[in-house]
Amino acid sequence: MFRITPQLSEKVQHFARFPQTGVSLRQMVLFGQKPSKGTLFKASQFLHEELPIRLAHRVKELEELPKGLDKMPSIVKVKDWYAESFQQLLDLPSPKLSDSMRDRIKEASKNKEGFILPPNVHNPSIKLPKNSSSLHPHVPIGHRYYNNIDEVDCSPEMVDYTANFVKTIECIKRRHDPVVTTMARGILEYKQHTHANLIGTEVQDFLDRFYMSRIGIRMLIGQHSALYHGRFRRKDYVGVICIKTNIHEIAADAIANARFVCEDYYGMFKAPPIQMICPGDIEFTYVPSHLNHILFELLKNSLRAVVERYGEDYEDEYPPIKLIIAHGKEDITIKISDEGGGISRSAIPLVWTYMYTTAQAQSIKPEDDDAEFKAPMAGFGYGLPISRLYAQYFGGDLKLVSMEGYGTDVYLHLNRLSNSHEPLP
Ligand code: ADP
Ligand code: MG
């Protein structure tokens, strides 16, 4: 069993003093277009610096949680995973550089191009300059990551380092698969412990930061590993990013999946119909799995609202749910309108809180630990808050407007300029 030693705790404190560096979708695409041994090496170095910083911020925050929440067994478990992954990255030796690479760095640092190796943050004697917003103030954010070192030959050690690094972060990603369910269990333990019915804003804000950070970490790891294994070779894909994400296709997919889950859950033959209104083929740069996740969650909510309002015996009379897609210069907006009776105004703030649900609460089974969190029809109260985080992660947003007694409109805004940097809580 992994335990946080005082030495490790000290290292966490050191790393948590450094600011996290955000990357934009556009940067990820530019960087990943033609991955070579050199760029993959460079990206590994960036992540070898960045991931421990992000993990350390989380460990620190998990240690400073309010009123006994930090003592809940499942929360401690999550914290230990973060600390273990942090340690694992620190234990990974830095690479020995090839001669040409070393010359290049010498040259670049003369010109202040920003090759700073080995990673600065791993040196405990380095202190962050006061008021600095970046680890390397003279280097623009993302620059280190995207510096092109194609023409520099990678020594076998550098290639080995990259391979080893990728293996390590993939292991970390797997370790963290059950984080959402385990955190949810921790919050339940806390609710039982405090006899509270709902979680307070402090805990709510913490969870937003925590899950947002998790999305970012998993995106960086997933992207790097996809590039490394050459999965970018799929047409129109750069790692897990699709530069021609076709909304129509993804929405059609989410509609079919949500209706299938609905029919299965209620044991009915025909879930309420969903009409899509989409002006032509809209393509933009996005991560299809994120978009799919959001639409699937929103459609399940609308389906459930309609079924529960009209009853399960009126399969042929359900008013259709409308999914309307609009594309402007800045945003692509998807509106999902249902006639499921809406939400009372007093309940609107609650729908964004974790674990708020009007469905029969689902129990979190221990075997969920083994799998990535997959929400069923309803009952975890995670659908809306997590979907909003996914939308915000790439500079979008999610808004809900309800007419009690009639229905609900949900607006999903997606930023098509894709140059906003990751929000880094
Ligand atoms: P869950 O679906 O697991 O309950 P969500 O976060 O997706 O969790 O939704 C939280 C709650 O918000 C739902 O239980 C429901 O009461 C309300 N809600 C969400 N979407 C709609 C909708 N389209 N119409 C009516 N109520 C909704
Ligand atoms: Mg839901």
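Just so it is clear, the model here is predicted, and its values are computed rather than measured. Residue indices begin from 1 for each chain and proceed along its sequence in written order. Chains and ligands are labelled sequentially in the order written, the chains with letters from A and the ligands with numbers from 1. It should be noted that, the model being predicted, local features are given only for residues of pLDDT at least 70 and side-chain atom pairs only at 80 or more, the latter also being counted only at that level, while totals for whole chains, interfaces and linings use all residues. Here the side-chain values reflect all heavy atoms present in the structure, with hydrogen atoms and water set aside.

A. The domain arrangement of the chain, seen in detail. Boundaries between domains were set according to an automatic or database domain assignment. You can read the domains of the chain as domain 1 (16–123 + 144–235) and domain 2 (241–415). Regarding the contact of domain 1 and domain 2, the summed buried area is about 2500 Å², with carbon and sulfur atoms giving 69% of it. Any Lys or Arg side-chain nitrogen located within 4 Å of an Asp or Glu carboxyl oxygen qualifies as a salt bridge. Counting every contact that joins domain 1 to domain 2 gives 0 salt bridges. Nitrogen and oxygen atoms within 3.5 Å of one another constitute a polar contact, given that in protein one can donate a hydrogen and the other can accept it, and given that sequence-neighbouring residues count only through two side-chain atoms. Put simply, domain 1 and domain 2 have 4 residue pairs in polar contact (both at pLDDT 80 or more) between them. The term buried area denotes the loss of accessible surface (1.4 Å probe radius) that occurs when two parts are joined, taken as the sum for both partners.

B. Just the packing of helix 8 (residues 179–194) against helix 9 (residues 201–228), in detail. Here, axes are lines fitted to C-alpha atoms. For helices the fit covers the stretch in contact, and angles between N-to-C directions go from 0 to 180 degrees. Secondary structure counts use DSSP, requiring at least four H or I residues in a row for a helix and at least two E residues in a row for a strand, with both numbered from the N terminus. Contact pair helix 8 / helix 9: the axes reach a minimum separation of 12 Å and the direction vectors enclose 170°. By the angle class used here, helix 8 and helix 9 are roughly antiparallel. Seen from helix 8, the contacting residues are Val179, Val180, Met183, Ala184, Ile187 and Tyr190; seen from helix 9, they are Val203, Phe206, Leu207, Phe210, Tyr211 and Arg214. Charged residues are taken to be Asp, Glu, Lys and Arg, nonpolar residues to be Ala, Val, Leu, Ile, Met, Phe, Trp, Tyr, Cys and Pro, and polar residues to be all remaining types, Gly included. A per-class count over the contact of helix 8 with helix 9 returns 11 nonpolar, no polar and 1 charged. Angles below 35 degrees are treated as roughly parallel, those above 145 as roughly antiparallel, those between 65 and 115 as roughly perpendicular, and all remaining angles as oblique. Contacts were defined at the residue level, with two residues in contact if any of their heavy atoms lie within 4.5 Å.

C. Just the state of the cysteines, in detail. Counting rule for disulfides: a pair of cysteine sulfur atoms within 2.5 Å. A complete count under the given rule lists 0 disulfides for this structure. With no disulfide of its own, Cys242 lies 15 Å from the sulfur of Cys278, the closest cysteine sulfur.

D. Layout of the pattern of salt bridges. What the rule picks out here adds up to 14 salt bridges. With a closest N to O distance of 3.4 Å, Asp236 and Lys235 form a salt bridge. Each member of the salt-bridge network shares a partner with another, and the members are Glu50, Arg54 and Glu422.

E. Layout of the nonpolar core. In terms of nonpolar packing, the biggest core is built from 111 residues, with Tyr211 and Ile334 touching the most fellow members. Considering each element in turn, this core owes the most residues, 12 residues, to helix 9. When residues are assigned to domains, this core turns out to be shared by domain 1 (16–123 + 144–235) and domain 2 (241–415), each giving three or more. Once residues within four sequence positions are removed from consideration, Tyr211 is found in contact with Val180, Met183, Ala184, Tyr354, Tyr382, Ile386 and Leu389. Throughout, nonpolar core names a set of buried Ala, Val, Leu, Ile, Met, Phe, Trp, Tyr and Cys residues whose side chains join them through atoms within 4.5 Å. Only protein chains enter the area calculation, which uses a 1.4 Å probe; residues under 20% of their type maximum are buried, those over 50% are exposed, and those in between are partly exposed.

F. Geometry of the site of ligand 1. Being near a molecule or strand, for a residue, means having at least one of its heavy atoms within 4 Å of it. Close to ligand 1 lie 20 residues, the nearest being Asp338, Thr357, Thr358, Gly379 and Gly381. Contacts to ligand 1 include Gly381, whose backbone N or O atom sits 2.8 Å from an oxygen atom. The separation between a nitrogen atom of ligand 1 and a polar side-chain atom of Thr408 is 3.3 Å. Values of accessible area rely on a 1.4 Å probe in the Shrake-Rupley scheme; residue burial ignores everything except the protein chains shown. For ligand 1, whose free accessible area comes to 530 Å², the fraction covered by protein is 94%. Grid points spaced at 1 Å over the protein atoms alone were grouped into cavities, where a 1.4 Å probe fits but cannot get out, and pockets, open sets with protein on both sides within 12 Å along at least five of seven lines, with lining residues defined by an atom within 4 Å of a point. Just a note on the criterion: a molecule sits in a pocket or cavity if more than half of its atoms are within 2 Å of the grid points. According to the grid-proximity analysis, the pocket containing ligand 1 is the second largest pocket. Within the residue set of the shell around ligand 1, elements represented by two or more residues are helix 11 (288–310) and helix 13 (383–393). The leading source of residues in the shell around ligand 1 is helix 11, at 4 residues.

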